[in-house]
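# Commentary on secondary and tertiary structure
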Amino acid sequence: MDMNFSKEHLMARQLFHDFAVNEVEPWAEQTDEGHRFPKEIVGKMQELGFMGVPFPKEIGGQGCDTLAYVLLVEELAKVCATTAVIVSAHTSLAADAIAQFGNETQKEQFLRPLAEGKKLGSFALTEAEAGTDASGLNTKAIRDGDSWVINGTKVFITNAGQADIYVIFAMTDKTAGTRGISAFIIEKGTPGFSFGLPEKKMGIRGSSTCELIFEDCRIPLENLLGREGKGFGIAMATLDGGRIGIAAQALGIAEGAFEKTITYVKERKQFKTPIAKFQNTQFVLAQMKTEIEAARFLVYDAALKKDSGKPYSVEAAMAKLKCSQVASDVTRECVQLHGGYGYIQAFQVERMMRDAKITEIYEGTSEVMKMVISGSLLR
Amino acid sequence: MNIIVCIKQVPDTKEVRIDPVKGTLIRQGVPSIMNPDDKAALEAALRIKDGMGAKVIALSMGPLQADAVLREAMAMGADEGILVSDPQFGGADTWATSATLAAAITKLEYDLVLAGRQAIDGDTAQVGPEIAEHLGIPHISYAKELRIEGDEVIVKRQFEDRYQLLSAKMPVLVTALSELNQPRYMTPRGIFEAYREKQVTHWQRNDIPVESENIGLKGSPTRVIETNPKVMKAPGTKIEEDVEKSVQYLIEKLKEKYIL
Ligand SMILES: Cc1cc2nc3c(=O)[nH]c(=O)nc-3n(C[C@H](O)[C@@H](O)[C@@H](O)COP(=O)(O)OP(=O)(O)OC[C@H]3O[C@@H](n4cnc5c(N)ncnc54)[C@H](O)[C@@H]3O)c2cc1C
Ligand SMILES: Cc1cc2nc3c(=O)[nH]c(=O)nc-3n(C[C@H](O)[C@H](O)[C@H](O)COP(=O)(O)OP(=O)(O)OC[C@H]3O[C@@H](n4cnc5c(N)ncnc54)[C@H](O)[C@@H]3O)c2cc1C
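Described in the following lines is the structure provided in the data block. Throughout, a residue's number is its position along its own chain's written sequence, starting from 1. Think of it this way: whatever chain is written first is A, whatever ligand is written first is 1, and the rest follow in order. With the structure being a predicted model, the display of local features is reserved for residues of pLDDT at least 70 and the display and counting of side-chain atom pairs for 80 or more, all residues being used for whole-chain, interface and lining totals. Heavy atoms from the whole structure form the basis of all side-chain values; hydrogens and water molecules are not counted.

### Considerations on the overall build of chain A
A run of H or I in DSSP counts as a helix once it spans at least four residues, and a run of E counts as a strand once it spans at least two, with each numbered from the N terminus. Counting its secondary structure elements, chain A contains 11 helices and 10 strands. Along the three orthogonal principal directions, the C-alpha set of chain A runs to about 80 × 45 × 40 Å. Any residue under 20% of the maximum accessible area for its type is buried, any over 50% is exposed, and the rest in between are partly exposed; the area is computed with a 1.4 Å probe on protein chains only. Buried positions account for 57% of the 379 residues belonging to chain A. Contacts are residue-level and defined by heavy atoms, with any inter-residue pair within 4.5 Å sufficient. Partitioning the contacts of chain A with sequence separation of at least 6, the portion at a separation of at least 24 is 73%. Accessible surface, chain A: about 16,000 Å² in total, of which carbon and sulfur atoms supply 53%. His is not counted here, nor are the chain ends, while Lys and Arg score as positive and Asp and Glu score as negative. All charge positions are set by atom: Lys at NZ, Arg at CZ, Asp at CG, Glu at CD. Between the averaged position of the 43 positive side-chain charges in chain A and that of its 48 negative side-chain charges there is a distance of 4 Å. Method for areas: the Shrake-Rupley scheme with a 1.4 Å probe, in which residue coverage is limited to the protein chains shown.

### Focus: helix α1 (residues 7-33) of chain A
By definition here, a helix of n residues has an expected span of 1.5 Å times n minus one. The end-to-end C-alpha distance of α1 of chain A, which contains 27 residues, comes to 38 Å, matching closely the 39 Å that a straight helix rising 1.5 Å per residue would cover. Val 24 of chain A marks the point of greatest bend in α1 of chain A, at about 50 degrees, and the proline Pro 26 of chain A comes within the next four residues. By definition, a residue's bend is the angle between the axes fitted to the seven residues ending there and the seven starting there.

### Focus on the pattern of salt bridges
Residues and elements named next belong to chain B. Salt bridges are counted wherever a side-chain nitrogen of Lys or Arg sits within 4 Å of a carboxyl oxygen of Asp or Glu. All chains considered together, the criterion is met by 46 salt bridges over all chains. Among the ionic pairs, Lys 49 bridges to Asp 79, the shortest N-O distance being 2.9 Å. Taken together, the residues Lys 49 in helix α1 (residues 36-52) and Asp 79 in the loop between α2 (67-76) and β7 (80-84) connect sequence positions 30 residues apart. We classify Lys 49 as partly exposed; its relative accessible area is 24%. Taking relative accessible area as the criterion, Asp 79 reaches 29% and is therefore assigned partly exposed.

### Comments concerning the pairing of strand β7 (residues 209-220) of chain A
The pairing of strand β3 (residues 147-158) of chain A with β7 of chain A spans 9 bridges and is classified as antiparallel. Each residue of the ladder has a partner; that of Ile 150 of chain A, found in β7 of chain A, is Cys 217 of chain A. Pairs of strands are assigned from DSSP output, requiring at least two bridges between the strands.

### So, the site of ligand 2
All names here are of chain A. Looking at ligand 2, there are 19 residues lining it, with Thr 126, Thr 132, Thr 158, Thr 365 and Glu 367 nearest. At 2.8 Å from an oxygen atom of ligand 2 is found a main-chain nitrogen or oxygen belonging to Leu 125. Polar contacts, as used here, are pairs of N or O atoms within 3.5 Å; protein pairs need one atom able to donate a hydrogen and one able to accept it. Residues neighboring in sequence count only if both atoms are side-chain atoms. At 2.7 Å from an oxygen atom of ligand 2 is found a side-chain nitrogen or oxygen belonging to Thr 365. If ligand 2 stood free it would expose 980 Å²; the protein chains cover 64% of that surface. Elements represented by at least two residues in the shell around ligand 2 include exactly β1 (121-124), β3 and α11 (366-377). Element by element, the count of residues in the shell around ligand 2 is highest for β3, at 3 residues. Only heavy atoms are used to decide nearness, and a residue is near a molecule or strand if one of them lies within 4 Å of it.

### Examining the packing of helix α4 (residues 81-101) of chain A against helix α5 (residues 104-116) of chain A
Residues and elements named next belong to chain A. For helices, the fitted axis covers only the stretch in contact; all axes are lines through C-alpha atoms, and the angles between them, taken along N-to-C directions, range from 0 to 180 degrees. Contact geometry for α4 and α5: axes closest at 9 Å, N-to-C directions at 160 degrees. Classified by the angle their axes make, α4 and α5 are roughly antiparallel. For the crossing formed where α4 meets α5, the hand is left-handed. On α5, the residues touching His 90, Ala 95, Ile 98, Ala 99 and Phe 101 of α4 are Gln 106, Lys 107, Phe 110, Leu 111 and Leu 114. Between 65 and 115 degrees an angle is taken as roughly perpendicular, under 35 as roughly parallel, over 145 as roughly antiparallel, and anywhere else as oblique. Handedness of a helix crossing follows the sense of rotation of the near helix relative to the far helix, less than a right angle counterclockwise being left-handed and clockwise being right-handed.

### Quick notes on the site of ligand 1
Residues and elements named next belong to chain B. Around ligand 1 sit 29 residues, and of these Lys 8, Asp 38, Thr 97, Ala 119 and Thr 124 come closest. The backbone of Asp 123 places a nitrogen or oxygen atom 3.3 Å from an oxygen atom of ligand 1. Protein chains shield 79% of the accessible area of ligand 1, which is 950 Å² for the free molecule. The set of elements that each furnish at least two residues to the shell around ligand 1 consists of β6 (55-61), α3 (94-106), β8 (112-116) and α4 (127-135).

### Overview of the interface of chain B and chain A
On the chain A side, the residues contacting the 14 residues of chain B number 22 residues. Two parts placed together each lose some accessible area; with a 1.4 Å probe, that loss summed over both constitutes the buried area. Here chain B packs against chain A, burying approximately 1,600 Å² in sum over the two surfaces, 68% of which is carbon and sulfur. It is Tyr 185, Pro 188 and Phe 192 of chain B in chain B that bury the most area against chain A; as a group they hold 45% of the surface buried on that side. Our count for the contact surface shared by chain B and chain A stands at 3 salt bridges. Between Lys 57 of chain A and Glu 197 of chain B there is a salt bridge, with the nearest N and O atoms lying 2.7 Å from each other. Connecting chain B to chain A are 5 residue pairs in polar contact (both at pLDDT 80 or more). Breaking the side of chain B that touches chain A down by element, the ones donating at least two residues are α2 and α5 (188-196) of chain B. The biggest single contributor to the side of chain B that touches chain A is α5 of chain B, with 7 residues. Class assignment of the residues belonging to the side of chain B that touches chain A gives a composition of 7 nonpolar, 1 polar and 6 charged. In the scheme used here, Gly and all other residues not listed as nonpolar or charged are polar, with Ala, Val, Leu, Ile, Met, Phe, Trp, Tyr, Cys and Pro taken as nonpolar and Asp, Glu, Lys and Arg as charged.

### Considerations on unusual backbone geometry
Here the residue pair Met 170 of chain B and Pro 171 of chain B is connected by a cis peptide bond, since its omega of 5 degrees sits within 30 degrees of zero. Within the secondary structure layout, Pro 171 of chain B lies in the loop between β11 (163-169) and β12 (172-176). Backbone geometry places Asp 216 of chain A, a non-glycine residue, at a positive phi of 45 degrees. The class of Asp 216 of chain A is exposed, set by a relative accessible area of 55%. Residue Phe 271 of chain A is not a glycine yet carries a positive backbone phi of 50 degrees. With respect to the helices and strands, Phe 271 of chain A occurs in the loop between β9 (269-270) and β10 (273-274).

### Details of the environment of Thr 97 of chain B
Inspection of the secondary structure assignment puts Thr 97 of chain B in helix α3. If we skip the residues at most four places from it in the chain, Thr 97 of chain B touches Met 61, Ala 92 and Val 127 of chain B.

### Quick word on the packing of aromatic side chains
Here is the rule: rings of Phe, Tyr and Trp (six-membered ring for Trp) pair when centre to centre is within 6.5 Å. Planes less than 30 degrees apart are stacked, more than 60 are edge-to-face, and the remainder are tilted. Taken as a whole and judged by the stated rule, the model has 13 aromatic pairs over all chains. Centroid distance Tyr 166 of chain A to Phe 195 of chain A: 5.8 Å. Interplanar angle 40 degrees. Geometry classified as tilted. Here Tyr 166 of chain A, found in strand β4 (residues 165-171), pairs with Phe 195 of chain A, found in strand β6 (residues 193-195); they are 29 residues apart in sequence, far enough to count as distant. Among the aromatic side chains, those forming a connected cluster through ring pairs are Phe 16, Phe 19 and Phe 50 of chain A together with Tyr 185 of chain B.

### Section: the nonpolar core
In plain words, nonpolar cores are sets of buried Ala, Val, Leu, Ile, Met, Phe, Trp, Tyr and Cys residues tied together by side-chain atoms within 4.5 Å. Core analysis: the largest hydrophobic core is formed by 135 residues, its most contacted members being Ile 168 and Val 299 of chain A together with Leu 42 and Leu 114 of chain B. Counting residues per element, this core draws most heavily on helix α6 (residues 231-267) of chain A, which supplies 12 residues. Leave out the neighbours within four places in its chain, and Leu 114 of chain B touches Ile 3, Ile 4, Val 5, Cys 6, Ala 41, Ala 44, Ala 45, Leu 146 and Val 174 of chain B.

### Topic: helix α3 (residues 66-79) of chain A
For α3 of chain A, spanning 14 residues, the distance from its first C-alpha to its last is 21 Å, which sits close to the expected 20 Å at 1.5 Å a residue. Of all 14 residues making up α3 of chain A, 14 are buried, and the element is well covered by its neighbours.

### Some points on the sheet that holds β11 of chain B
Residue and element names in this part refer to chain B. One open sheet accounts for 9 strands, arranged β11-β10-β9-β12-β8-β1-β6-β7-β13; its pairing is mixed. Two strands close off the open sheet at either side, each with one partner strand: β11 and β13 (200-203). Across the sheet, the mean angle separating the axes of adjacent strands is 30 degrees when strand polarity is ignored. One ladder, built from 3 bridges, connects strand β9 (residues 139-149) with β12; its direction is parallel. Bridging across to β12, His 139 finds its partner in Leu 173. Across the sheet, α4 is in contact with β1 (2-6), β8, β9 and β12; its angle to β12 comes to roughly 175 degrees.

Encoded structure:
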């Protein structure tokens, strides 16, 4: 497909591709199998500026754009969905929330080290009783003298424990519903802030997912992100951008599995002929390729809209809805074309099928994407 | 200190297939890359820059699309890129290539000129040393280690079974083996700056002080009479190490030859 990419985007894609193949793919199986956070790879990405791709140079970023960031997440996800989500949660959730809603002091103090790759970020909205319905938050923040005192527990938080800087959401006024939610920045190591045990997951098993526990955790008043009571809007706006990252991750997973399958069907012989010669194989491949390209257009379009300052909330929702469906469908078909060899761990598609499912769930389920899209139609 | 790095854009021979009938390379649709030895030369220059400060200038002769390897060099950290490009330079053999590049270099200030040992397409390993001869400066080829001490460059020069430790006063030309180092990755920021904020300087025929009889196809004494796929095989190498070392060695050799 010719998107008329600029030469810099093409070269950046080549860089991300080379890095993914040389530095990430060799570790993907161990990352998954050992449920092991790929610290060394993250370290390398931090050094190379991969953790600050869309942010301005003035604040320590790489001075690129959302499209370049999408290409990064996509290339990483082709070989390792875990590595891709670490970058995505850090960049388009944690760091971007501060980039969009932080004041100058907060940007200097928190966004700069995130964008420079000196620190890792995480974003925590979900709670045990508040998943899709974020208005049900139970975590409370109470103003006490020169600090906020936070109490409550977040669940399923990506990069938890590994990250240094957390953007979290808590009720500052429980009676006000979503208007009572505020956003805060909290650093690891703050007294009263601890982590739960790691969750055992179906996929993206190398990424860290666990609870954030706040027990009388005191943070300075200045760590309020945006205005008091505006947290819900901050969460929703940040998730719009985050969904572009997850869409790119889903696209990458589908492409990765597809590439492995193309190789496999040409090699695997049954009835004395490569299985690629069967019309069913050919038609399944043709359908998959078409779905992948359609998904690709949606995610690149959402990224381009964000970069050009146009509204992109609906585009991001459509991109995530489509890309995550494609990721699940394509990886399942790829396993099918591998036969028994797809069900065992030998050819990576088994892992990719497990990894794909989460893209239909986090940062808003597919049902939520449909609510966002239909909401814009029936206003 | 000024360092000039000579960089050739070459077809990625990992992706090249041989026409089974004609025995020639099928270049169509093959991606172009920075010649691997030249990347090592550039990395060496960038390490000197990181360590003691230096200005690194990447220089290439080739068609306009060779612009890409110079942008890549800048995205890795080179300060400038110069592309020598003119239809009149086309079809150059090693004599004409080195005469043209040397003449371009005389327009610049330099302490050290670095080249790759060998280009993976032309494969002659002649251009580096020939540039030094045209410039009238010493050269050291096959560098597997390189460092600067005062006004001298100290080089470990690789042979099949041993090495020499040589030093030479600058200005000097050194040709790099890919074993010299592990080149760094570009950065996203470097890439965007290379395209959006920096320029590649273009030098055409009239910018280069070189005699017309030494350039392009007409200035090239070499004639390619026939190209044949290699039939002669060199005697094999026997690896007598423990399993781990042998495998390591084998993998390195296969990568070196672009088989892996
Ligand atoms: C099929 C074929 C056969 C050929 N046969 C011959 C032949 O037999 N004899 C002959 O003289 N020529 C021959 N040529 C031309 C030759 O390959 C050149 O293009 C050439 O002059 C460069 O030599 P090389 O590629 O061997 O480079 P090498 O000498 O192997 O390159 C060494 C180093 O010199 C530098 N360098 C080389 N070229 C450039 C450049 N354009 N810009 C910047 N730096 C550069 C790089 O640092 C490189 O690593 C042939 C070309 C083809 C296509
Ligand atoms: C691996 C992993 C990583 C995660 N990382 C993070 C993170 O970094 N930060 C963070 O804040 N959260 C994170 N989450 C949480 C994730 O965003 C939520 O799990 C998700 O939003 C769904 O919430 P829930 O699990 O409570 O499901 P529920 O909200 O209980 O949903 C259950 C089902 O009901 C459907 N449903 C709910 N409401 C409606 C409705 N009104 N209409 C129709 N259908 C509906 C849902 O679509 C879903 O199918 C992560 C989750 C996982 C598993």
